[in-house]
Amino acid sequence: MPKAFEDCVNNGGRVRTVSGPSKEHGLKEGENQRFCYLGEESFAGEIYKTKEDRKTFITR
């Protein structure tokens, strides 16, 4: 993760996740990005892809 994002999280910033597709954030379908907000500033984290296996639930 970018250092500015990690510093924001460590200092108590609010973390929000943006899911794609999003023209505003430049995300494609299946991509996500976390943002940390601290005061008036925002810090972007890395873009990562959604894992398909998370959508599968195992019942026993």
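Residues numbered from 1 in each chain as written. Predicted model: local features only at pLDDT ≥ 70, side-chain atom pairs only at ≥ 80, totals over all residues. Heavy atoms only, no water.

A.B. asks: Got a minute to help me understand the pairing of strand 3 (residues 41–49) in this structure?
C.D. replies: Look at any regular strand and the pattern is simple: side chains alternate between the two faces of the sheet. Relative to strand 3, strand 2 (residues 31–38) runs antiparallel, the two sharing seven bridges. Of the residues in strand 3, the one forming a bridge with F35 is A44. As consecutive antiparallel partners, strand 2 and strand 3 are separated by two residues, and within that stretch G39 has a phi angle of approximately 65°, a positive value. (Pairing = 2+ DSSP bridges. Helix = DSSP H or I, 4+ residues; strand = E, 2+ residues; numbered from the N terminus.)

A.B. asks: What is the right way to look at the pairing of strand 2 in this model?
C.D. replies: In terms of strand pairing, strand 1 (residues 14–19) meets strand 2 through six bridges, oriented antiparallel. Note on strand 2: the bridge partner recorded for V15 is C36.

A.B. asks: Mind showing me how you'd approach the pattern of salt bridges here?
C.D. replies: Oppositely charged side chains can form a pair if their charged atoms are brought close together. Taken as a whole, this structure holds two salt bridges when the rule is applied. D7 serves as the salt-bridge partner of K3, at 3.2 Å between the closest nitrogen and oxygen. Here K3 pairs with D7, and both are found in helix 1 (residues 3–10), just four residues apart, close to one helical turn. Of the residues examined, K3 reaches a relative accessible area of 59% and is grouped as exposed. Put simply, K49 and E31 hold a salt bridge, and the shortest N to O gap is 3.7 Å. Note that K49 is positioned in strand 3 and E31 in strand 2, a separation of 18 residues in sequence. For K49, a relative accessible area of 61% puts it in the exposed group. E31 sits in the buried class, given a relative accessible area of 13%. (Salt bridge = Lys/Arg side-chain N within 4 Å of Asp/Glu carboxyl O. Buried < 20%, exposed > 50% of the residue type's maximum accessible area, 1.4 Å probe, protein only.)

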